Structures are given as structure tokens and as C-alpha cells.
Number of protein chains: 2
Amino acid sequence: MILRKEVMAKIEEIFKRYGFDPFETPVLEYWETVRGKLGEEAETKLMFIFPDFMSKEWYTLRYELTFPLARYIAMHPETPLPFKRYHIGRVWRHEEPQKSRYREFWQCDADTVGSPYPEADAEIIKLNIEVMRDFGFQEFTVKVNDRRLLTGIFEEELGIDNPLPVYRSIDKLDKIGEDGVRADLLYKGMHEDLVDKIMGLISVRGEFEEVSENLRGVKNEKVLQALSHLEEIFSILEEKNLLFDLSLVRGLEYYTGPVFETVVKEPRIGSLAGGGRYDRLIGLYSGRDVPATGVSIGVERLIDAGLELGVFNLNKKSYIQAFVVSVRRESWRYAWKVAEILRSGGFYVSLDLMRRNQSNQREYARKLGTEVMIFVGPKEEENETVTLYRDGKRKSVPLRSIVSELSAFLS
Amino acid sequence: MILRKEVMAKIEEIFKRYGFDPFETPVLEYWETVRGKLGEEAETKLMFIFPDFMSKEWYTLRYELTFPLARYIAMHPETPLPFKRYHIGRVWRHEEPQKSRYREFWQCDADTVGSPYPEADAEIIKLNIEVMRDFGFQEFTVKVNDRRLLTGIFEEELGIDNPLPVYRSIDKLDKIGEDGVRADLLYKGMHEDLVDKIMGLISVRGEFEEVSENLRGVKNEKVLQALSHLEEIFSILEEKNLLFDLSLVRGLEYYTGPVFETVVKEPRIGSLAGGGRYDRLIGLYSGRDVPATGVSIGVERLIDAGLELGVFNLNKKSYIQAFVVSVRRESWRYAWKVAEILRSGGFYVSLDLMRRNQSNQREYARKLGTEVMIFVGPKEEENETVTLYRDGKRKSVPLRSIVSELSAFLS
């Protein structure tokens, strides 16, 4: 929990630097307000949906943090735009629990509502990159694509009008590999020639300049819009960690434009963050589209990857900076006084609450990994002093200067 | 949300000063693990209890944060004691939503598991007092009582062996007044003489020394234990905000010793915090009792009270410290560069994402309450400068020293 809090605090700090403000929605949402928004798999297999017998309503536990934001904006059309908000909270999915896949986990979302422009997407991708860099991840890639590209190519060149079933197969690429996707598409009844063409398309990835050159031949409105939108994003960012990848589709159905995903090569645990543009989700609630784009960072995934890569460690067991050891039971009131002075001075301090002898107090403090022990006994009480102890080093200091002495001792 | 975050951060800081570490349990708990632990009202009227059709389990949304901690300790008897943890999280109750009474709200809990001694209770009460002081509440009272007192007096002098139904009536004192409690007890079939005696007892409050003197005549083991336990708490704390109040019982059934509650005179919105000792709750799970004591602070109650008392204000609409205004559209890339430099310097910065003209950008920034605007146009770009603006004051500064200049400008 200490590590998770540190990770979330750093992400929150970066969200704030990028001009995002906090905003939170409830954990319970009416099932009616979600139904039909998140796609078949989510709604039939993964969401917690249940009846509440007291209110006679059906509720869901929030599956992700984007649709509640969309519902809010639809209900509050007076909100000044752009509305840049972040939400760090738990979500629930009916997964089979396993490493990096949990039933209850944390997401950190940042969204910009109101701007249809590439600069809004670029800002979201940039803050995602900053999060990765700030934590010290060395080798990570942000894959970028645009929903309109495949859709446009599919309808223009392959005669596929409803691409969603194809996207669902492609989305499993990381899990089941190219052969798996090919088999899945064939199983869905597609002709082998068509499957070959799709497989060819989704193997395209590389630098934006190079790859986009080959796509400019497709004279389709959606493809042209996507290329011009992506071109601006790539040109604002000038980042070497970006990869233009036609195979990236993202699972959720509400994306309408650029999509992206942050991955590390090792360990192979799926994406650490992902997002994209959803210009029509708010309109599903209000009938009036409002453009929006956002990112969701998976806290547990980030931590699992970071632990394996040595970016994070779990050594810290306690915040406690000093433990006040009462050498004898009669010194406890004096120990309390010492602890209170240090707490007023802003230190994180504990003292014996178990009426233990000195050596048991010390053992307990060591188990917590406490850096400094402060011994108080009858002699210290008489002289109004304490004895600071750290790594074999002892120092007797007067009570009146204990705050500054402990600062020095800790640094 | 900004205010709520500030409030929770301050409470968390005080928890840490008192040597508590973070610990969190899930939002979903099996109904079976809660059943019979929280009392009739909670379990029949207030808890969200529902079937999950996928797992065929009955779940509850956590009603409060203490029983999940007890469950955890029962499942992990190897935990080093004392286990001092805090948990800041949401809880759910099926209330009729109204001011200061919500269906989904935040609690900040601190608990010490393992110590049966008064010093553990004293520490918990002290940190509660520190929270109130740190926020600047002037007139607040921490009412203290001990469950064993009334129980002992009831069985010794009034012949009442099961005090829980009487406690349920007394617990409504703040809501329904003395006449209400009296009527409630009579309605439950108690004799008028008995009710008079109970009403006399629960009107006893004041300084511990004085009130306890009158109770020392009761030769009952529970009463004696309670008085000696309370005496140590009051003597450790020496706080003028404490009030010994025999009418305080607390609603939850699991308390076994000292109980306390923090109230303000105005506004009258019930207690802002409350807690007590629950030495037998963990044993309900494991069959092996482990002593424990804790406090729960209600975030929304604290905020509602603090807003009315002028302790808090809701003026802050955004964290953003500076908004970079692109004087012309061509200057946007330069504005992005400026924003990125400031963000790397740790500032919270926004810039135009809507391709608005200068005056609309300024209006938006003003709506958010942004303190500083930073103007960049073709002239600034050419000279590698920016123009800082705040309260009618302008200053042109070179790009290379913009971080230090903005620091100075903001202070």
C-alpha cells in the first residue's frame, strides 16, 4: 500500500502539472446508464451487475472511469470547456484473478473534454510518456493508431462495413499471436484472401513518416482525416518512444479517432496504459456530441512491471521515522511527551503501547524498519534529554532541541 | 473534490505522525463474513447486500472500515502487534440522502490492534483532537464513556442483563431528545421507575474526576475496570476538550470498553468522528480475541461543519497556477514549449487546446481562477521571451530563466 500510494501520488502530480483537476464519480452506477456503451464482452462477461432489493434498482460497480465522466458532462452541459479532469479510483471486473489481472484494481485517468483537436490528444499522450519517464522506465513504447484508418481501408478496399468483429479479433493479437488472429478471423467465416489482406495490414508499424507515406494512396475521407490528425500529433510530440502501429485497435467500442497504448517489452503483461479519442460517447447520453480524449493508467500493471524491472521496490514497510523506547515502564509518560513534541514537529513517531520491556520494543521497531530509536529512561527524564540511536551511533540531546536534532540525525 | 482532497491529505498526515501506516481492504465483502457483526439496523436497513449471478455469491459493499480489518487480522494471526493502520476510503449506506447523510461517503479510520491498554485508546483520542485543532475548529468536544459502565450499573443496580435494546434507545438521544428516549424506553415495555433511573444516569456528564467520584460506590467488577481504564486515559491526555458523558453509547454493537465521539455545538449535524475499543470483534472471526481500538472520522460531516463554521472554503476551483496564452495561432507551438519547460519545473500549467482567440483564452483561464497568465506571441518567440501577467502587473522574462521567474512571480 505504501508503494501503491507513492505511485499514485506521482501520477497525480504529473496530472496536475498538465493542468488536470480532480473529479470523482460514484462507484455505483445505474445499469441502465451503462447498458450498450461498453461492448458485448464487458457487458455480458466482465461487469458486476446486480439488483438492489431495497431500491428495486439494478446497479453496476464502475467498470472503468470514462463513461461516468461522459454521463456527467451530458448531465451538465454548462461545464466550461475544455474540462480537464483526472480521477484516481478503483474499478471492478469479473476476471479470473491472476497476476496483473484483478477483480478490484486502481486506474488513473486523465481526460480532456471539449477539444476535437490533435493538440488535446498530444497532451494526453505526452503526460503518459512523462509518467513512464518519471518512474524511470527505460524501454517503453507508446503505440499509436487511429480507428478511422482501419475503418476507412476496410470499407474502401476490403468491402467491410462493420469492422467491430474484426477489431475484436485483432485486439487479441498480443495474447494469441498472429496465427491466433488469423484462425479467429477464418472461424468467423471470412474468406482466406480477405484474411491475408487484413493480416498484411496489421503487420504494418514503424515511423509515422514512412508508414503514412504508403497509406496516402487510399482515397478515403476517413483515412485522410486520420492521417492529418496523426501527423499533427506526431509532429507536436517528436518523441522517439512513439510507434505508429496499424494493429492497435483497443478493446472498447467507444473510440472514434486516435488510440494509443503504452507497453514494455518485458515483462509481457499487456499494456500499462491506454486511451484514445471518444467523440461520440457523451452524445450517447445527451444526443449532443462533445469531443473528448483521455488516458487510463493501470496502477497494478505499472507496479507489477516496475517491480520486475527493478524500477520499484517493496522494501519500505512503514512510514515511521522514529520509535521512542521507554527504558523502564515509569518512563512511559516522558516517552509520550517526547513523542508528542516530535509529532508536533512533523515527524512520524511511535512509542510502546504494549508495556513491553526495552528489548521487545526494539525488536518491534526493527521489524517495522524504523531508522531511528529514541531511548528515554529515568536518567533522560531527570536531565530533560533523550538518547538518539541509529546504526550504532548514539547521541544525547536536550529535549528543547529534539526536533532540529532529529532532522539532522535523519539526514 | 479539491477541498475533500486537502482535508483527507491533512488527516492522513496526522495519522502518519501518530505512527499509523496505510492498509486497505476491498470494497466488496462476502455477506457471510459480515452477517451478525454490525447489529440489526445496519444489517436489515442500511447495508447494500446483493447477489452476484456470475459467482453465485452474496456480496456487501463495505458498510464501515473496522470489520474488514478485524477479518484481516483473524486471517493473518502472524501480523506483528501492535498493528497500527489507517484506511481512508468510501463506505456505503442505504440512507435517505440528505445534508450530511449520504449513500456513498468517505471515512478516515485509524486503528491499533493488539494493545488492551488505555494508552492505545489515549493515542487514538489524541490524534482525533489533533485533527480538529489542525483544521482550526475552535469549539469541539470529545465525549468519552465506557460501555462497561452502563452495563455494570444496569446489571448491578437495575437488574438489566441485556443492555443492547436500551443502548439503541439512548443512542438516539441527539436525534430525538430526552423525551424521545424516555418514550422509546416506555414503548419497549420498561417500568416507569426503571426509565426514570436510566434517564437520571444518562444525564450525568462533566469532568472525569468529579463524575467518577459518584460512581465509585457501585461495587461491580465491570464498573471498576471501566473507571480505572478511563482514569488512565484522562490522565494521559489532560485535555480541556474532553467530556465524560454517561449518555454516550455509540450505535455499533461491537464496542466493549471506552467509546468516544467528537461533536461541535453548531451546526447540529451529529458526530464528526467516533470510535472505541472492540476487544471481541476479531475473535468473532477467529475464535481468538485480540484487543483493538480505533477511530473513524467522517470526511463529509467534517467538511459540512467546517464550511458552515468558516473553517474551510470552497473558493479554489483549479490547481492550475499559470495559463499560457497564445496571442496568435502561429505561436501555439512556442506556447507548448513554454508549458513543457514550466511543467518540468514542477508548475501546474495549461494552455489553449480549443484554437481560441486571445480574449477567449483569457476568459477561460479567469473562470478557473488561474493566478498567472503567460502571454506568448510572435515577438516573444523571436526574442525567446515570455510575458508574465498577474493582477495588472506585467513582466517580460527570458525563456531560460522562466522557472525561477515564475516562482518569484507567484510568491
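Parameters at a glance
Residues numbered from 1 in each chain as written. Chains lettered and ligands numbered in written order. Predicted model: local features only at pLDDT ≥ 70, side-chain atom pairs only at ≥ 80, totals over all residues. Heavy atoms only, no water. Salt bridge = Lys/Arg side-chain N within 4 Å of Asp/Glu carboxyl O. Buried < 20%, exposed > 50% of the residue type's maximum accessible area, 1.4 Å probe, protein only. Helix = DSSP H or I, 4+ residues; strand = E, 2+ residues; numbered from the N terminus. Contact = heavy atoms within 4.5 Å. Buried area = accessible area lost by both parts, 1.4 Å probe. Polar contact = N/O pair within 3.5 Å; in protein donor to acceptor, adjacent residues only side chain to side chain. Nonpolar A, V, L, I, M, F, W, Y, C, P; charged D, E, K, R; others polar. Pairing = 2+ DSSP bridges.

A. Representation of the pattern of salt bridges within the structure. Evaluation of the coordinates by the stated rule reveals 75 salt bridges over all chains. The shortest N-O distance in the salt bridge between A:Arg35 and A:Glu32 comes to 2.8 Å. A relative accessible area of 54% means that A:Glu32 is categorised as exposed. For the salt bridge of B:Asp174 with B:Lys143, the shortest nitrogen-to-oxygen distance reads 3.8 Å. Residue B:Asp174 is found in helix 8 (residues 173–187), and its partner B:Lys143 is found in strand 7 (residues 140–146); the two are separated by 31 residues along the sequence. Beyond isolated ion pairs, a larger network of salt bridges with shared partners links A:Glu340, A:Arg343, B:Lys84, B:Glu123, B:Lys126, B:Glu130, B:Arg133 and B:Glu239.

B. Here's a closer look at the interface of chain B and chain A. Listed by partner, the interface residues are 82 residues for chain B and 82 residues for chain A. For the pair chain B and chain A, the summed buried area comes to about 6700 Å², and 57% of that belongs to carbon and sulfur atoms. The tally of links from chain B across to chain A stands at 14 salt bridges. Taken together, the connections running from chain B to chain A amount to 43 residue pairs in polar contact (both at pLDDT 80 or more). Within the side of chain B that touches chain A, the residues separate by chemical class into 43 nonpolar, 13 polar and 26 charged.

C. Local environment of the pairing of strand 7 (residues 140–146) of chain A. All names here are of chain A. A large share of strand 7 lies buried, amounting to 6 of its 7 residues. Inspection of the sheet shows strand 7 paired to strand 10 (residues 258–264) by 7 bridges, in the antiparallel sense. Residue Val 144 lies in a different strand from strand 10, and its bridge partner there is Phe 260. Note that strand 7 and strand 9 (residues 242–245) share 3 bridges and pair parallel.

This is a description of form; function is not addressed.
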